[in-house]
Amino acid sequence: MQCIIANWKAHKSTSAVAGWFRDFREQLNQLRPESAAQVSVARKVVIAPAYFLLSAVATEIGQTKALVAERLHAELSLGVQDVSHLGAGSYTGAVAAVHLAGIGVTHAIVGHSERRRYFRETSQDVVGKVDQTLDAGITPVVCVDSAYSQEQITMLQRDWLNRLLFAYEPLAAIGSGKNASINQVKDEVSKIKALAGSVPVLYGGSMNDQNVAEYLLVTDGGLVGTASVEGKSFAELLVAAW
Ligand code: PGA
């Protein structure tokens, strides 16, 4: 399985969604249909917008899924950038995994370094988020850097590890244009797999259409910020990947 996730962060307004998908489809329309025979692993593409855009993005995904399946042989679905570590109930401001599952969310990014840094999230909070998402039938994408990957992995229940993805995101590489070297990514992916078993590991940190193909040789996909903010550049990245 290979999975490439667009992390829009807090970049887009409601009025920008239709344009993003128009540009995205325009790029894919220029491709010839992908022949199934050339594709050896399942491919997933996830768009993770801010919460208030979920319904607009879900509608656009409905109108774009068939094209992504035809041109890239990939499954297109809806993701979120965070989820509450608590369930449904009296938790003001929280968004519960069970409610996100109800609107078609398939993947939840959890423990992103920006959440840890600006919102004081801890590895223990991330444990709660993984628990909630798995219970709701959503796949968690657990973000780690080398400084806390071991701590985070050992805090997770062993029987969760074959139901989630990890994303290795070195802090210095995020949003900086300074993507990590292939050797560094390869080493860290091996360390994560040595601790967690044969779990898929994505790379994130200034991934773009120029470097994605190389990362796919040593990872199971990517978590893409900057290069996903425009529909055109994200489509170009997918084309370069596959
Ligand atoms: P970037 O962001 O692609 O802009 O480096 C990646 C991420 O933060 O998930």
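Details of the structure are given in the entry above.
Residues numbered from 1 in each chain as written. Predicted model: local features only at pLDDT ≥ 70, side-chain atom pairs only at ≥ 80, totals over all residues. Heavy atoms only, no water.

Novice: Just to check I follow, could you spell out the pattern of salt bridges for this structure?
Specialist: Think of it this way: side chains of opposite charge can pair up when their charged atoms draw near. All chains considered together, the criterion is met by 11 salt bridges. The residue Asp 82 makes a salt bridge to Lys 129 at a minimum N-O spacing of 2.7 Å. In this pair, Asp 82 is assigned in the loop between strand S3 (74-80) and helix H3 (97-102) and Lys 129 in helix H5 (residues 123-136), connecting sequence segments 47 residues apart. In this structure, a network of salt bridges that share partners links the residues Asp 82, Arg 115, Glu 121 and Lys 129. (Salt bridge = Lys/Arg side-chain N within 4 Å of Asp/Glu carboxyl O. Helix = DSSP H or I, 4+ residues; strand = E, 2+ residues; numbered from the N terminus.)

Novice: Before we go on, may I ask you to explain helix H6 (residues 146-155) in this structure?
Specialist: Each α-helix winds once per 3.6 residues, and so residues spaced three or four apart point in a common direction. Among the residues of H6, those classed as buried are Tyr 148, Ser 149, Gln 152 and Ile 153. End-on view of H6: buried residues confined to an arc of 140°, all on one side of the axis. Exposed and facing more than 90 degrees away from the buried side of H6 are Ala 147, Gln 150 and Thr 154. Among the structural elements, helix H4 (113-118), H5, strand S5 (139-144), strand S6 (165-168) and helix H7 (182-196) are those in contact with the buried residues of H6. (Buried < 20%, exposed > 50% of the residue type's maximum accessible area, 1.4 Å probe, protein only. Arc of directions from axis to C-beta. Contact = heavy atoms within 4.5 Å.)

Novice: Would you mind showing me how to read the nonpolar core here?
Specialist: One broad trend across soluble globular proteins is that nonpolar side chains are buried collectively. The biggest cluster of nonpolar side chains holds 65 residues, and the ones touching the most others in it are Ile 47, Phe 166 and Phe 234. In terms of residues, this core owes the most to one element, helix H2 (residues 54-72), which gives six residues. In contact with Phe 234, other than residues within four places in its own chain, are Ile 4, Ile 5, Ala 6, Trp 20, Phe 24, Val 45, Ile 47, Val 224, Ala 227 and Ser 228. If you look at the next biggest cluster of nonpolar residues, it comprises 11 residues, including Cys 3, Ile 109, Val 141 and Ala 167. (Core = buried A, V, L, I, M, F, W, Y, C linked by side-chain atoms within 4.5 Å.)

Novice: So what exactly am I meant to see when it comes to the site of the ligand here?
Specialist: In the vicinity of the ligand, 13 residues are found, and the nearest of them are Lys 9, His 112, Gly 175, Ser 206 and Thr 226. Contacts to the ligand include Gly 175, whose backbone N or O atom sits 2.6 Å from an oxygen atom. Most atoms of the ligand, that is more than half of them, are within 2 Å of grid points of the second largest pocket. A breakdown of the residues in the shell around the ligand according to their chemical character gives four nonpolar, seven polar and two charged. (Near = heavy atom within 4 Å. Polar contact = N/O pair within 3.5 Å; in protein donor to acceptor, adjacent residues only side chain to side chain. 1 Å grid on protein atoms, 1.4 Å probe; cavity = no way out; pocket = protein on both sides within 12 Å on 5 of 7 lines; lining within 4 Å. Sits in = over half its atoms within 2 Å of the grid points. Nonpolar A, V, L, I, M, F, W, Y, C, P; charged D, E, K, R; others polar.)

Novice: I would appreciate a short explanation of the packing of aromatic side chains in the present structure.
Specialist: Aromatic ring pairs are reported here in terms of the distance separating the ring centres and the angle at which the planes meet. Here the structure, examined in full by the defined rule, presents nine aromatic pairs. With a centroid separation of 5.0 Å and an interplanar angle of 55°, the aromatic rings of Trp 8 and Trp 20 are classed as tilted. With Trp 8 in the loop between strand S1 (2-7) and helix H1 (17-29) and Trp 20 in helix H1, this residue pair connects regions lying 12 residues apart in the sequence. By relative accessible area, which is 1% here, Trp 8 ends up buried. Through a chain of ring-to-ring contacts, three or more aromatic side chains come together here, namely Trp 8, Trp 20, Phe 21, Phe 24 and Phe 234. The ring of Phe 119 is capped by Arg 115, whose NZ or CZ atom sits 3.9 Å from the centre of that ring. (Phe/Tyr/Trp six-rings, centres within 6.5 Å; stacked < 30°, edge-to-face > 60°. Lys NZ or Arg CZ within 6 Å of the ring centre and 35° of its normal.)

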